[in-house]
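Next come the chains, spelled out residue by residue.
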Amino acid sequence: MPPPTVNARLAIEGVWKQFGGRAVLRNASVWAYPGAVTVLFGRNGEGKSTLLRCGLGLLRSDNGVTMLGDHRFFRPSLSALALQGLFFLPDRDLFSPELTLGRQLGALRRRFPEARPELLAEVLRDPALLERRSHELSGGERRRAEIGFARARAPAVFLADEPLRGLAPLDGQAVADHLRALAGDGCAILVTGHEAQALLDIADHVVWMTGGTTHHLGTRDEALAHDQFCFNYLRNP
Amino acid sequence: MRLPWLVPPQPFLGLLLRRATVLWIFSRMFIAFYAVVVLGGGLSVLPETACLGLTTSVALTVLLAGLTVLDVHRRHEVILLANLGGSRRGVFLLVALPLLGLEALTCLLPP
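Rules of the game
Residue positions are given per chain, counting from 1 as you read along its sequence in written order. A letter from A marks each chain and a number from 1 marks each ligand, given out in the order of writing. Only residues with pLDDT of at least 70 get local features here, since the model is predicted, and only at 80 or more are side-chain atom pairs given and counted; chain-wide, interface and lining totals rely on the full set of residues. No hydrogens and no water enter the side-chain calculation; it runs on all heavy atoms of the structure. Secondary structure follows DSSP: runs of H or I at least 4 residues long count as helices, runs of E at least 2 residues long count as strands, and numbering of each begins at the N terminus. The reference for a compact globule is 2.2 Å times residues^0.38; the radius of gyration itself is calculated from the C-alpha atoms. Note on classification: 1.4 Å probe, protein chains only; a residue is buried when its accessible area is under 20% of the maximum for its type, exposed when over 50%, partly exposed between these limits. Surface accessibility in these figures is a Shrake-Rupley result with a 1.4 Å probe; residues are shielded only by whichever protein chains are displayed. Positive: Lys, Arg. Negative: Asp, Glu. His and the chain ends are not part of the count. By convention, charge coordinates are those of NZ in Lys, CZ in Arg, CG in Asp, or CD in Glu. Take the residue count of a helix, subtract one, and multiply by 1.5 Å to get its expected span. Throughout, a contact is declared for two residues whenever any of their heavy atoms are within 4.5 Å. Contacts described as polar in this section are N or O atom pairs within 3.5 Å, which, within protein, must combine one atom able to donate a hydrogen with one able to accept it, while residues neighboring in sequence count only if both atoms come from side chains. Stacked, edge-to-face and tilted are the three classes for Phe, Tyr and Trp ring pairs, Trp counted by its six-membered ring, which pair at centre distances within 6.5 Å; planes under 30 degrees apart are stacked, over 60 edge-to-face, the rest tilted. Under this scheme, a helix contributes an axis fitted over its contacting stretch, all axes are lines through C-alpha atoms, and angles between N-to-C directions fall in the 0 to 180 degree range. Any angle that falls under 35 degrees is termed roughly parallel, while one over 145 is termed roughly antiparallel, one within 65 to 115 roughly perpendicular, and all others oblique. Handedness of a helix crossing follows the sense of rotation of the near helix relative to the far helix, less than a right angle counterclockwise being left-handed and clockwise being right-handed. Here, two cysteine sulfur atoms that lie within 2.5 Å of each other are counted as a disulfide. Salt bridges are defined by distance alone: a side-chain nitrogen of Lys or Arg within 4 Å of a carboxyl oxygen of Asp or Glu.

1. Considering the overall build of chain A
Summing up its helical and strand segments, chain A has nine helices and 10 strands in all. Against the compact-globule benchmark of 18 Å for 237 residues, chain A has a radius of gyration of 17 Å, which places it among compact chains. Dimensions of chain A, computed from C-alpha atoms along their principal axes, come out at roughly 50 × 40 × 35 Å. Taking all 237 residues of chain A together, the buried fraction comes to 55%. Surface summary for chain A: the accessible area is close to 10,000 Å², and the carbon and sulfur share equals 47%. Within chain A, one finds 28 positive and 26 negative side-chain charges whose respective centroids are separated by 6 Å.

Here it is as structure tokens:
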């Protein structure tokens, strides 16, 4: 694995965060590289989502910096990062419940002329779904639509918080394939999740979060050779 | 110029303005109802409730714009809007300016 900051398109570095005197993040850092998928693993409550949210400015961190390309943000905001090519998929409910997917896709095209709206229909597999609102879709369709929306945006950096959560294995595999395809377009991807097998299959870099800080384990094979990660997270002997 | 608090694109722009206008209409109806029925002023005080004065109008606008931003949070739309380059500050300003215009318009209406 290269030194973390070299070639990284997105760097969230040195993040500290306390909630009511309890330190949740202690100098946590994570990087995303062009054309590669970085997976952030960690047990529930270890601070994976908090790290992403601090890095995106959705939560105010006590300390830390976010670097996107040549831009450095000490007080990041998702809207500013989005205008620089980042797209964030939260763990649930990306879409507005009031508008059809097609109309929301129209907003994306108006804001970002470089967007590729045809990719959403391709990911959805059924163009008729574009005429529906998000609550009229099944969980799997909604997640596919969200991934398709991200692909249509053609982002330089894509962050997703638990993109495979609640999906059947086949649907999870489809979403994982789309993540891989997005990386194939040159996008830097950073995802969190607990679906170890599916995520390890697409991971180029593995980061393990424990005790409020991050450990860069290297490639998938290097992570699987890491005794503490295997025992304390994967529970493999 | 691309500003970090850029307002969201259509159709979100229209959606937010519609929500804020509905809120404004309801709050204005409430104020009129309060003056006429609860305070017992009768229909004769109705024209006086049209123009609330600068401070009250600004306070009402800030309150309604804040409620619209909260409503965006409640509907889990804040991340989608941010992904489209729109911020909470942008939504607030986007909503507050037309509401101030509506407040000014009611003062210009003949009694």
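2. Here's the deal with helix H4 (residues 88–108) of chain B
Helical geometry note: an α-helix holds 3.6 residues per turn, so side chains three or four residues apart project in the same direction. Residues and elements named next belong to chain B. The end-to-end C-alpha distance of H4 is 31 Å, a good match for the 30 Å that 21 residues give at a rise of 1.5 Å each. For H4, the full list of buried residues reads Gly90, Val91, Leu94, Val95, Ala96, Leu99, Glu103 and Thr106. Tucked inside the fold, the buried residues of H4 contact helix H1 (12–38), helix H2 (54–74) and helix H3 (78–83).

3. Here we look at the side chain of A:Thr38
Residue and element names in this part refer to chain A. Mapping Thr38 onto the fold places it in strand S3 (residues 37–42). From its side chain, Thr38 meets the backbone oxygen of Trp31 in a polar contact 3.4 Å long. Leave out the neighbours within four places in its chain, and Thr38 touches Trp31, Ala32, Tyr33, Ile189, Leu190, Val191, His205 and Val207.

4. Looking at the packing of aromatic side chains
All names here are of chain B. Counting across every chain of the model gives eight aromatic pairs over all chains. Ring centres of Phe30 and Tyr34 lie 6.0 Å apart, and the angle between their planes is 35°; this geometry places the pair in the tilted category. Of this pair, Phe30 and Tyr34 both sit in helix H1, separated by four residues, roughly a single helical turn. Judged by its relative accessible area of 38%, Tyr34 is partly exposed.

5. Focus on the packing of helix H3 (residues 101–111) of chain A against helix H5 (residues 139–153) of chain A
All names here are of chain A. Viewed as axis vectors pointing N to C, H3 and H5 meet at an angle of 25°, and their least axial separation amounts to 10 Å. In terms of orientation, H3 and H5 fall into the roughly parallel class. Crossing angle aside, the handedness with which H3 passes H5 is right-handed. In this structure, H3 uses Leu101, Gln104, Leu105 and Leu108 to contact H5, whose residues at the interface are Ala145, Phe149, Ala152 and Arg153.

6. Points about the state of the cysteines
Residue and element names in this part refer to chain B. According to the stated counting rule, one finds one disulfide over all chains in the structure shown. Disulfide partner of Cys51: Cys107, at an S-S distance of 2.1 Å. Across the S-S bond linking Cys51 and Cys107, the dihedral sits near 90°, which makes this disulfide right-handed. Within this pair, whereas Cys51 is found in the loop between H1 and H2, its partner Cys107 is found in helix H4, the two being separated by 56 residues in sequence. On the basis of relative accessibility, which here comes to 34%, the residue Cys107 falls in the partly exposed class.

7. Observations concerning the pattern of salt bridges
Within this structure, the stated rule accounts for 17 salt bridges over all chains. For A:Asp204, the salt bridge is made with A:Arg180, and the minimal N-O distance between the two is 3.0 Å. Separated by 24 residues along the polypeptide, A:Asp204 in the loop between helix H7 (196–202) and strand S9 (205–210) and A:Arg180 in helix H6 (residues 169–184) bring together distant segments of the chain. Overall, the relative accessible area of 26% leaves A:Asp204 in the partly exposed class. A:Arg180 sits in the partly exposed class, given a relative accessible area of 31%. Between B:Glu103 and B:Arg28 there is a salt bridge; the shortest N-O distance is 2.9 Å.

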